[in-house]
Structure formats: structure tokens, C-alpha cells
Amino acid sequence: MKSLARIVRPLVLLAIFVGAGWLLYHLLRDLDFNKLAHDLKAMRADQIGMAIALTAMNYVILMGYDWLAIRYLGHALPVGKLAVASFIGHVSSFNLGAMFGGSSMRYRIYSAWKFSMVEIVQLVAILGVTFWLGVLALAGVMFLLVPLPIPPGLLTLLPPWAGDWLASRGLPWLGLILLAHVLAYLGICAIRRKPLRIWRWDLPLPPPTLSLAQIGVSCADLMIAAAVFYVLLPSGISVTYPTFLSVFLLALVVQVFLHVPAGIGVFDAVMVAFFLDQKEAMTAALLVFRGIYYLLPLAVAGVVWLGLEIVLGRQFLREVSAKLQAAQAKAATAPERTPG
């Protein structure tokens, strides 16, 4: 059964990726490249500077995910190490996916800092819960406050049952369901004291105060990430930030629901579908957004990762050298055994 799942899951992801690519091609097949080039050239330096500053702020906020998880596990970690682990972990997750990127990198880093396997699994689980709490809470509120008409092309990305349900009921009903999940989680945390059993792992539930902090950190992260994109919009796109945030969250929910790394194709298709009459301007903003929010941090993370590996390598050599010296000292002080 597991071997079948290993085969089927990549095929499903490939089908979703191809479907998103086909939809994106369908939306952009008559794209005016001259207008696209004009919109890219019209991007102002202050827009790019503001987007970079907001991205830097966002990665500071993202440290809250790891800080809450480590605090929950009862570990003490210097701010410098916390910042390195958070930055590399989130950049890897955004560009390579949570499973193959963020989780793998965090295992490499935290295991080198003497976290046990169980603790790392719990930490990754807490990070995921924190992210989803923010998505469900903020998306639920925005879908109720700013209900949007669903573009027909968007529904083709979803499974038929999900597409039909969303088309017939709309975003407000989806918002209510998302908020109901958040309230249920907070209720469980308030009344349950025993750990939650997930497969082979026990996940102790945080107290309600920590759960509320998780929601706050994740919501702040999502709002700033949307703001990075929003400040890059050309003047031709006239939309308020709350409306744009609602579209951004819907694109994010669809992206995460379909598990496509970095949302390539899926996120872009949803954003373009909502601004189809200004698709050149939206495509220009998308390209610059991906460059600033994904690729620029990836380049910086590569340098940070190289430096970290050098530090960890030196630390490993010092530990091996200390053990060898201790063994030699022990051998030198041991009494000689004479035959007799």
C-alpha cells in the first residue's frame, strides 16, 4: 500500500502541476509582451525597495514560528541560531516544499544542535499547525468580510467535488468552515490535557495562550507577505489592500491544498484569473514578486547555509579531536598490564 502511495502521489502532483500550467497558458496565451515589458520597466525603485524591506520584515516575523515551537518544547536557543534555522528552513520550504525543503533542512540544523528526532518531529508539526491556524483564521475572516466572485477557470484547478461545492456556496461559507476549524482547535487546547496521538507520535497540545500567539504570528506573516506583493502592483491595477489580501489568501489556500512546491503555476493562475482584464500588469507584478520574495532570499540563504556548514564542520572536528585526546589521555594514565 505504501509503495503504491509513493507512485500515485507524484503522479497526482504532476497532473495538478500540468493542469495549473495548462490553465495559466490558457489565461496568458494572448499576452501582450510589449505591454508586459512596459509594465516591468514602469516598476519604480521605491516599489522594489519597499518590497525588499517588507520581505526582510517578513522573515523577522517568521522567526516567531520557530521561537514558539522551541519555547513549547522547553529548549533554550540563542537568537542567532534561531534566526539561522528559521531563515534557511522557511526559504527552503517556500522554494522546495515543506516536506523536501523546510523539514529536511531543519532536521539537518536542529539535529546538529542536539535536538532529538522526536523533538524535531514535534517542532515541524508545531510549525505546520501555526501556519495553518493563521491561514484558516485570516482567510476565514477575509472571506466573510470581502466575499469575491469565483472565476470559472479557477474551479478547474480543484477536485470536482470541491469545485462544485465552492461554485454553489461561495467564499463566505468557506470562511465559516475555516473559522469553525480554528475555534474547534482552540477548544480542544482549552479542555484537553493529554497529548494528541498522530500516527506514532504524541503531540502535546499547547495552552490556549500559546495557541493565540500562534495565530497572531501566522496572521502577521500572511498580511506582510501579501503587502510585499501589493506594493508591486502597477498603477493600472486599482484594488484595495483588503480585497487583494482576500485574493492572495484564496490563492494560498488553493496552493497549499494542492501541495505544489512554491505554488508554481497554481498560485500564479489564481492571481491572474482574478485580474484577467489586467493580466499583463499582474504578470509583471508576479514576476517581480517571485524574484524578491523567493529567489532573492534563496540566494542569501545559500550563502548563510554555506557558512553554517563550515561552522558545523569545524564544531564536528573539534568534538572528534576532543574525544581522541580524551581517549589518548585515558590510555596513557591506565596502569600497564603485565603477563603473569
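Residues numbered from 1 in each chain as written. Predicted model: local features only at pLDDT ≥ 70, side-chain atom pairs only at ≥ 80, totals over all residues. Heavy atoms only, no water.

### Some remarks on the overall build of the chain
Here's step 1: The secondary structure content of the chain amounts to 13 helices and two strands.
Here's step 2: Counting across all 340 residues of the chain, residues that qualify as buried make up 45%.
Here's step 3: A separation threshold of at least 6 residues defines the contact pool for the chain, and within that pool the share at least 24 residues apart is 75%.
Here's step 4: In the form shown here, the chain has an accessible surface area of approximately 18,300 Å², with 71% of it arising from carbon and sulfur atoms. (Helix = DSSP H or I, 4+ residues; strand = E, 2+ residues; numbered from the N terminus. Buried < 20%, exposed > 50% of the residue type's maximum accessible area, 1.4 Å probe, protein only. Contact = heavy atoms within 4.5 Å. Areas by Shrake-Rupley, 256 points an atom, 1.4 Å probe, with all protein chains shown as cover.)

### Digging into unusual backbone geometry
Here's step 1: Although it is not a glycine, Lys114 sits at a positive phi angle of roughly 75°.
Here's step 2: As for its position among the elements, Lys114 is in the loop between helix H5 (98-112) and helix H6 (117-145).
Here's step 3: Accessibility expressed as a relative area gives 57% for Lys114, which makes it exposed.

### So, the packing of helix H3 (residues 45-73) against helix H4 (residues 79-96)
Here's step 1: Remark: H3 packs on H4, axes separated minimally by 9 Å, with the N-to-C direction vectors making an angle of 110°. Put simply, H3 runs roughly perpendicular to H4. Where H3 approaches H4, its residues Tyr59, Leu62, Met63, Tyr65, Asp66, Trp67 and Ile70 are matched on the opposing element by Val79, Leu82, Ala83, Ser86, Phe87, His90, Val91 and Phe94.
Here's step 2: Counted by class, the contact of H3 with H4 contains 12 nonpolar, two polar and one charged residues. (Axes fitted to C-alpha atoms, helices over the stretch in contact; angles between N-to-C directions. Parallel < 35°, antiparallel > 145°, perpendicular 65-115°, else oblique. Nonpolar A, V, L, I, M, F, W, Y, C, P; charged D, E, K, R; others polar.)

### Thoughts on a nonpolar patch on the surface
Here's step 1: Taken together, the side chains of Val141, Leu144, Leu145, Trp173 and Leu176 make up a nonpolar region of the molecular surface, amounting to roughly 490 Å² of accessible area.
Here's step 2: Listed by contribution, the elements that provide at least two residues to the nonpolar patch are H6 and helix H9 (171-191).
Here's step 3: With respect to the helices, strands and loops of the structure, Leu176 is situated in helix H9.
Here's step 4: On the basis of relative accessibility, which here comes to 44%, the residue Leu176 falls in the partly exposed class. (Patch = residues over 30% accessible without salt bridge, like charges linked within 9 Å, V, L, I, M, F, W, Y side chains within 5 Å. Salt bridge = Lys/Arg side-chain N within 4 Å of Asp/Glu carboxyl O.)

### A closer look at the nonpolar core
Here's step 1: Membership of the largest hydrophobic core comes to 92 residues, with the highest contact counts inside it found for Tyr110, Phe229, Met271 and Met282.
Here's step 2: Excluding residues within four positions of it along the chain, Met271 makes contact with Phe229, Phe244, Val247, Phe248, Ala251, Met282 and Leu286. (Core = buried A, V, L, I, M, F, W, Y, C linked by side-chain atoms within 4.5 Å.)

### Details of the environment of Arg192
Here's step 1: Residue position: Arg192 is located in the loop between H9 and strand E1 (196-198).
Here's step 2: Counting along the chain gives 15 residues from Arg192 to Pro207, while the straight-line C-alpha distance between them is 9.3 Å.

### Side note on the packing of H3 against helix H10 (residues 208-230)
Angle between the axes and distance between the axes: these two values describe a pair of packed helices.
Here's step 1: One can describe the packing of H3 onto H10 by two numbers: an axis separation of 9 Å at closest approach and a directional angle of 160°. As summarised for this structure, H3 and H10 are arranged roughly antiparallel, according to the angle between their axes. For the crossing formed where H3 meets H10, the hand is left-handed. Contacts between H3 and H10 involve Ala51, Leu54, Thr55, Met57, Asn58, Ile61, Leu62, Gly64, Tyr65, Leu68, Arg71 and Tyr72 from the first element and Leu210, Ala213, Gln214, Val217, Ser218, Ala220, Asp221, Ile224, Ala225, Ala227 and Val228 from the second. (Left-handed = near helix turned anticlockwise from the far one by under 90°.)

### Some details on the confidence of the model for the chain
Here's step 1: In the predicted model, the chain carries a mean pLDDT of 80, and the fraction of residues at 70 or more is 72%.
Here's step 2: For the stretch residues 22-27, pLDDT sits under 50, and the model shows 13 contacts to residues farther than four places along the chain or on other chains. (pLDDT = per-residue confidence, 0-100.)

### Looking at the packing of aromatic side chains
Here's step 1: Counting across every chain of the model gives 21 aromatic pairs.
Here's step 2: Here the basic side chain of Arg290 rests over the ring of Tyr294, its NZ or CZ set 5.0 Å away from the ring centre. (Phe/Tyr/Trp six-rings, centres within 6.5 Å; stacked < 30°, edge-to-face > 60°. Lys NZ or Arg CZ within 6 Å of the ring centre and 35° of its normal.)

### Section: H4
At 3.6 residues per turn, the α-helix brings residues three or four places apart onto the same side.
Here's step 1: If you check H4, its first and last C-alpha atoms are 25 Å apart, about what 18 residues at 1.5 Å a residue would give, namely 26 Å.
Here's step 2: Regarding H4, the residues found buried are Leu82, Ala85, Ser86, Phe87, Ile88, Gly89, His90, Val91, Ser92, Ser93, Phe94 and Asn95.
Here's step 3: Directly after H4, the chain includes Gly97, whose backbone phi takes a positive value near 100°. (Expected span 1.5 Å × (residues − 1).)

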